[in-house]
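Remarks on the overall topology
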Amino acid sequence: MSVGSYLKKHTEALVKDVGIEPACALTGKSKATLGRYYSDNPEHADRFMPVDAVIALEEAASYPHVTGALAELQGISLSHDDRRLNTERSGGVNSDVIALSQRFAMLMTEYQQSIEDGVITVNEAKRLLKETTLLQQVLIDMKLHLEEESG
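These remarks concern the structure in this document.

Definitions and limits used
Numbering of residues starts from 1 in each chain and follows the order in which that chain's sequence is written. Confidence filtering applies because this is a predicted model: local features only for residues at pLDDT of at least 70, side-chain atom pairs given and counted only at 80 or more, and all residues used for totals across whole chains, interfaces and linings. Neither water nor hydrogens contribute to the side-chain values; these are computed over all heavy atoms in the structure. Secondary structure counts use DSSP, requiring at least four H or I residues in a row for a helix and at least two E residues in a row for a strand, with both numbered from the N terminus. Radius of gyration means the value over C-alpha atoms here, while the globule rule gives 2.2 Å times the residue count to the 0.38 power. Throughout, exposure labels follow a simple rule: accessible area from a 1.4 Å probe, protein chains only, divided by the maximum for the residue type, with under 20% read as buried, over 50% as exposed, and the rest as partly exposed. Throughout, a contact is declared for two residues whenever any of their heavy atoms are within 4.5 Å. His is not counted here, nor are the chain ends, while Lys and Arg score as positive and Asp and Glu score as negative. Charged groups are reduced to one reference atom each: NZ for lysine, CZ for arginine, CG for aspartic acid, CD for glutamic acid. Salt bridges are counted wherever a side-chain nitrogen of Lys or Arg sits within 4 Å of a carboxyl oxygen of Asp or Glu. A pair of Phe, Tyr and Trp rings is counted when the ring centres sit within 6.5 Å of each other, with Trp represented by its six-membered ring. The angle between the planes then sorts it: under 30 degrees is stacked, over 60 is edge-to-face, the rest tilted. We count a charge as sitting over a ring when the NZ of a lysine or the CZ of an arginine lies within 6 Å of the ring centre and within 35 degrees of the ring normal. Starting at the helix axis, one direction is taken to each C-beta atom, and the arc is that of these directions. With axes taken as lines fitted to C-alpha atoms, and helix axes fitted only over the stretch in contact, angles between N-to-C directions fall between 0 and 180 degrees. Working rule for angles: under 35 degrees goes down as roughly parallel, over 145 as roughly antiparallel, 65 to 115 as roughly perpendicular, anything else as oblique. Crossing handedness: left-handed means the near helix sits turned counterclockwise from the far one by under a right angle, and right-handed means the same turn made clockwise. In this classification, Asp, Glu, Lys and Arg are treated as charged, Ala, Val, Leu, Ile, Met, Phe, Trp, Tyr, Cys and Pro as nonpolar, and every other residue, Gly included, as polar. Residues belong to one nonpolar core when they are buried, are Ala, Val, Leu, Ile, Met, Phe, Trp, Tyr or Cys, and are joined through side-chain atoms within 4.5 Å.

Across its full length, the protein carries 7 helices and 0 strands. In sequence order, the protein lays out its α and β elements as α-α-α-α-α-α-α. Rg of the C-alpha trace for the protein: 20 Å, well past the compact-globule value of 15 Å for 151 residues, more than 25% over. C-alpha atoms of the protein, sized along the principal axes, occupy 55 × 45 × 30 Å. The buried share of the protein, taken over its 151 residues, is 33%. Partitioning the contacts of the protein with sequence separation of at least 6, the portion at a separation of at least 24 is 64%. When the 15 positive and 23 negative side-chain charges of the protein are each reduced to one mean point, those points stand 6 Å apart.

For the rest of this paragraph, the subject is the pattern of salt bridges. This model, assessed by the stated rule, comprises 5 salt bridges. A salt bridge links Arg103 to Glu131; its shortest N-O distance comes to 2.8 Å. One end of the pair, Arg103, is in helix H6 (residues 92-115); the other, Glu131, is in helix H7 (residues 122-149), and 28 residues separate them in sequence. Residue Glu131 is classed as buried on the basis of its relative accessible area of 10%. Between Glu110 and Arg127 there is a salt bridge, with the nearest N and O atoms lying 2.6 Å from each other. Here Arg127 lies in helix H7 and Glu110 lies in helix H6, a separation of 17 residues in the sequence.

Our next topic: the packing of aromatic side chains. One pass over the structure, following the stated rule, counts 0 aromatic pairs. In this structure, Lys8 is placed above the aromatic ring of Phe48, and the distance from its NZ or CZ to the ring centre is 4.9 Å.

The next point concerns helix H2 (residues 20-27). For H2, the complete set of buried residues consists of Ala23, Cys24 and Thr27. Considered in projection along H2, the buried side chains sweep an arc of 100° and stay on one side of the axis. After H2 finishes, the residue Gly28 shows a positive phi value of roughly 75°.

Let us now look at the packing of helix H1 (residues 3-18) against helix H4 (residues 51-60). Between H1 and H4, whose axes approach to 9 Å, the crossing angle comes to 50°. It follows from the interaxial angle that H1 and H4 lie oblique. Seen along the crossing, H1 lies across H4 with a hand that is left-handed. Residues Leu14, Val15 and Val18 of H1 form the contact with H4, whose own contacting residues are Val54, Leu57, Glu58 and Ala60. A class-by-class count of the residues in the contact of H1 with H4 yields 6 nonpolar, no polar and 1 charged.

Judged by nonpolar contacts, the single largest core of 14 residues is most densely connected at Leu14, Val15, Ala23, Leu34, Met49 and Leu57. Only H1, H2, helix H3 (31-38) and H4 provide two or more residues apiece to this core. The contact partners of Leu57, leaving out residues within four places of it in the chain, are Leu14, Val15, Val18, Ala23, Leu26, Thr27 and Met49.

A separate point is the side chain of Ser114. With respect to the helices and strands, Ser114 occurs in helix H6. Of the residues examined, Ser114 reaches a relative accessible area of 0% and is grouped as buried. Setting aside residues up to four positions removed in sequence, Ser114 forms contacts with Val119, Ile120, Glu124 and Leu128.

Below you can see the structure in the form of structure tokens.
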């Protein structure tokens, strides 16, 4: 698969994640224009979604499809924070310690369920990876709070 078709595939996933009508509203582009951005038709091979449109759609999407694809093509690993909190968590380090123990308990629960039959399936590994990433995010929050408190 070429780089262009790889990016078009992820552009299509992004538009479909958001929905075609909302994607049109967010980008100010027509359905036809959005379709051209991910069309594998040779006449549209050199058409790609503008970066500002990608940003607008990725804000509304469940995952940054195009940004993730670009990172993969460059050998870069991204960590997507899908928590999307409505308000900043307050409470500093004390709150972080509680969140850390809760998140670790979630990871251990997921691990116990995954290993029950002696085999960790692909889906179980994905769930473990997600829990591990969420645990990592709590540790990062805790690190930032500690740095803030230490001046």
